[in-house]
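Structural overview for review
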Amino acid sequence: MPVPRPVLPPEGRAAEAVLEAMDAASTEDARWREGRTMSLVFDPGDEIAGFVKRAYTRFFSENALNPSAFPSLRRFENEVVAMTAHLLGGGPAVVGNMTSGGSESILMAVKAARDWAAAERRVGGTPQIVLPRSAHPAFPKACAYFGLEPVFVPVRSDFRADPRAMRKAISRRTIMVVGSAPAYPQGVVDPIEEIAELAQRRELWCHVDACVGGFMLPFVRGLGHPVPPFDFDLPGVISISADLHKYGYAAKGASVVLYRDARYRRYQYFAFTDWPGGIYASPTMTGTRPGGAIAAAWAVMHYLGYRGYEQIAAEVMETTAQIRRGVEAIADIEVLGDPHMSVLALGSDRLDVYAVGDELSARGWHIDRQQDPASLHLTVQRGHVGRADELLADLRAAVAAARRDHGRRWLERSAVDLARAALRVLPSRVGRALTLGVAARMGIGEGGSLPERSAPMYGMMARLPNRGDLKELVLDALDRMTRLDD
Ligand SMILES: *Cc1c(COP(=O)(O)O)cnc(C)c1O
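Residues numbered from 1 in each chain as written. Predicted model: local features only at pLDDT ≥ 70, side-chain atom pairs only at ≥ 80, totals over all residues. Heavy atoms only, no water.

Attention shifts here to the overall build of the chain. Helix and strand content of the chain: 16 helices and 13 strands. Going through the 486 residues of the chain one by one, you find that 51% of them count as buried. Intrachain contacts of the chain at a sequence separation of at least 6 include 73% that bridge at least 24 residues. Within the structure as shown, the chain displays about 23,000 Å² of accessible surface, and the carbon and sulfur contribution to it stands at 53%. (Helix = DSSP H or I, 4+ residues; strand = E, 2+ residues; numbered from the N terminus. Buried < 20%, exposed > 50% of the residue type's maximum accessible area, 1.4 Å probe, protein only. Contact = heavy atoms within 4.5 Å. Areas by Shrake-Rupley, 256 points an atom, 1.4 Å probe, with all protein chains shown as cover.)

Structural data, given as structure tokens:
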């Protein structure tokens, strides 16, 4: 029986009834309030979050599309940008904008670099960006949107970018090189100093992706932890992205993109002067820009101040250290590389870590699966402070269960490697949608019994007759996500 397609209710419903329906819809959501979500949510606790919500709602209706109408928002944005620049080694010449998130910040930097190269470098053919394999998918996304070509370079055995290999990958068409501080998959800061020097020597644009680290690393360094140089202190760095809606603990929809000076940022802008609706100018991708996200970012930075962020960073680093010590004490599972802050990956040479992930999911944890190498991803944030023991106890149990399963495991390592791009989305509902898609293509009816757990799914995908289908299947899965009956 197909589910009837919803229509706008003819009459409005009572507020309480609507809110109750929303609560009911969220019963299967990831349990971030209990600190069981190892990605997606940065929870500063009720007191800070409550304050951020108050700040957000004060500017709920305001629109930063036209800053001259709202001098308040203009001031908030400029001050957020200036405070962020100061944190990241930027002098008074550094400028930037707030965007809706890390992806938009990266899209803007790539767009600016493209137009800069077209105007000042006159590169023939399709421009290229040289980037480590660990760089965020927002970069290939920007390339796909803006007509550039990403050139991926393998990382070193410590998971950090390999500047020598990057140098060799540079061609006459290269316009940009990228480093991350840190890269998301294993949480290590790339050797940005060498990448930025390389950029300077070859007259390339160097972007540092500090989306996840921008509001953590400065405090982590201040606390005495070793953090390699990564910001505007390095003269070759042209632009930096840093997300306020991650370790800035701002409301979602807040990131900053910074440029060494206004000359570079100019290439980010868009203006259209021939519209009957008036002269239209816009700094970033979006038209209407929510005042709440900008105001809340300004507010949380003022509410916490340097000391507040430093205090949170200290708690988060202590929790991370507890988790690392606990993992070291468990046989067959390990932290990959030597992460610089609180983003880390757990891998294993002997166990199927996806099976460990399934065991953790069964115990109520939301943990992302990664590939090349197979690992589980943890973003430790304030919502996890005081919960390391809980996580470690469940991890010990999960590893023990996966060990017991090991003999029965029919999945081979090569099969896992073949699952490729799909792994990033597997733990979510997309994963289930993907399973259905794979099953359908393999002629296993949708009514048949499908695995609830993700590990067997990788094996199914590896058995697909045509592995080139995988990207299509992932796109099919996205389509399925918008179907009501799924
Ligand atoms: C989160 C993240 C991004 C993308 O940010 P969104 O806010 O999800 O668009 C880019 N780079 C890194 C390293 C990140 O962690």
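What follows picks up the thread again.
Attention now goes to the packing of helix H3 (residues 71-87) against helix H10 (residues 291-328). Between H3 and H10, the shortest axis-to-axis distance is 9 Å and the interhelical angle comes to 45°. Taken together, H3 and H10 sit at an angle that is classed as oblique. The handedness of the crossing between H3 and H10 is left-handed. Taken together, the residues of H10 that come into contact with H3 (itself represented by Leu 73, Arg 75, Phe 76, Glu 77, Glu 79, Val 80, Met 83, Thr 84 and Leu 87) are Gly 291, Ile 294, Ala 295, Ala 297, Trp 298, Met 301, His 302 and Tyr 306. Residues of the contact of H3 with H10, tallied by class, amount to 11 nonpolar, 3 polar and 3 charged. (Axes fitted to C-alpha atoms, helices over the stretch in contact; angles between N-to-C directions. Parallel < 35°, antiparallel > 145°, perpendicular 65-115°, else oblique. Left-handed = near helix turned anticlockwise from the far one by under 90°. Nonpolar A, V, L, I, M, F, W, Y, C, P; charged D, E, K, R; others polar.)

Next up on the list: the sheet that holds strand S6 (residues 237-243). What the 7 strands build is an open sheet, ordered S1-S7-S6-S5-S4-S2-S3; its pairing is mixed. Each edge of the open sheet carries a strand with a single partner, namely strand S1 (95-99) and strand S3 (149-153). Ignoring strand direction, the axes of neighbouring strands in this sheet form an average angle of 20°. Pairing between strand S5 (residues 205-209) and S6: 4 bridges, direction parallel. Each bridged residue has a counterpart across the sheet, and for His 207 the counterpart in S6 is Ser 239. The sheet strands contacting helix H7 (residues 192-202) are strand S4 (174-180), S5 and S6, and the helix crosses S4 at an angle near 170°. (Pairing = 2+ DSSP bridges.)

Once that is clear, we can look at the sheet that holds strand S12 (residues 368-370). Reading across the sheet, the 4 strands line up as S10-S11-S13-S12 and stay open at both edges, with antiparallel pairing between neighbours. Every interior strand has two partners, whereas the edge strands, strand S10 (334-335) and S12, have only one. Where S10 lies against strand S11 (residues 343-347), 2 bridges are found, and the strand directions are antiparallel. If you follow Glu 334 over to S11, its bridge partner there is Gly 347. Across the sheet, helix H11 (residues 353-362) is in contact with S11, S12 and strand S13 (375-379); its angle to S13 comes to roughly 50°.

All right, on to the side chain of Arg 36 then. Within the secondary structure, Arg 36 sits in the loop between helix H1 (15-25) and helix H2 (46-58). Residue Arg 36 is classed as buried on the basis of its relative accessible area of 11%. Only 3.5 Å separates the side chain of Arg 36 from the side chain of Asp 394, close enough to count as a polar contact. (Polar contact = N/O pair within 3.5 Å; in protein donor to acceptor, adjacent residues only side chain to side chain.)

So, about the site of the ligand. Close to the ligand lie 13 residues; Gly 102, Ser 103, Asp 209, His 245 and Lys 246 are nearest. Contact between the ligand and Gly 102: an oxygen atom at 2.9 Å from a main-chain N or O atom of the residue. Asp 209 is positioned such that a nitrogen or oxygen atom in its side chain is 2.6 Å from a nitrogen atom of the ligand. In terms of residue count, helix H4 (residues 102-120) provides more of the shell around the ligand than any other element does, 3 residues in total. Grouping the constituent residues of the shell around the ligand by class yields 5 nonpolar, 5 polar and 3 charged. (Near = heavy atom within 4 Å.)

Here we come to the pairing of S13. Most of S13 is tucked away, with 5 of its 5 residues classed as buried. Covered by surrounding structure in S13 are Ser 375, His 377 and Thr 379 together with Leu 376 and Leu 378, the residues of both alternating faces. Sheet topology places S11 next to S13; 4 bridges connect them, and they run antiparallel. Residue pairing for S13: Ala 345 is matched across the bridge by His 377. Summarising the sheet, S12 and S13 pair through 3 bridges and their orientation is antiparallel. Paired with Arg 369 across the two strands is Leu 376, which belongs to S13.

In this section: the pairing of strand S2 (residues 128-132). Within a regular strand, side chains alternate between the sheet's two faces. Taken across its 5 residues, S2 has 5 buried, putting it largely inside the fold. Burial along S2 is two-sided: the residues Gln 128, Val 130 and Pro 132 and Ile 129 and Leu 131 are all buried. Two strands pair when backbone bridges link them, and S2 and S3 are joined in this way by 5 bridges, in the parallel orientation. By the bridge assignment, Pro 132 is partnered in S3 with Val 153. What joins S2 to S3 is helix H5 (residues 138-146), and the crossover it makes is right-handed. Where S2 meets S4, 3 bridges bridge the pair, whose relative direction is parallel. What sits directly across from Gln 128, in S4, is Thr 174. (Right-handed = clockwise from strand over helix to strand, strands pointing away.)

Now for the pattern of salt bridges. Close approach of charged atoms allows side chains with opposite charge to pair. For the coordinates displayed, the defined rule picks out 20 salt bridges. In this structure, the salt-bridge partner of Asp 115 is Arg 114, at a minimum N-O distance of 2.9 Å. Notably, a salt bridge pairs Asp 243 with Lys 246, separated by 2.9 Å at the nearest N-O pair. Several salt bridges converge on common partners, so that one network encompasses Arg 36, Arg 387, Glu 390 and Asp 394. (Salt bridge = Lys/Arg side-chain N within 4 Å of Asp/Glu carboxyl O.)

The next point concerns the nonpolar core. Counting 94 residues, the largest nonpolar core has Phe 230, Leu 244, Tyr 247, Val 356 and Leu 395 as the members making the most contacts within it. When residues of this core are assigned to their parent elements, the largest contribution, 15 residues, is made by H10. Apart from residues lying up to four places away in sequence, Val 356 is in contact with Ile 333, Leu 351, Leu 376, Leu 395, Ala 398, Val 399 and Ala 402. The next biggest cluster of nonpolar side chains, apart from the first, holds 30 residues, and it includes Ala 113, Ile 129, Leu 131 and Ala 142. (Core = buried A, V, L, I, M, F, W, Y, C linked by side-chain atoms within 4.5 Å.)

A word on the confidence of the model for the chain. Caution applies to low-pLDDT parts of the model: their predicted coordinates are not meant to be read in detail. With 86% of its residues at a pLDDT of 70 or more, the chain has an overall mean of 90. Within the model, the stretch residues 410-418 combines pLDDT values under 50 with 22 contacts to residues more than four positions away or in other chains. (pLDDT = per-residue confidence, 0-100.)

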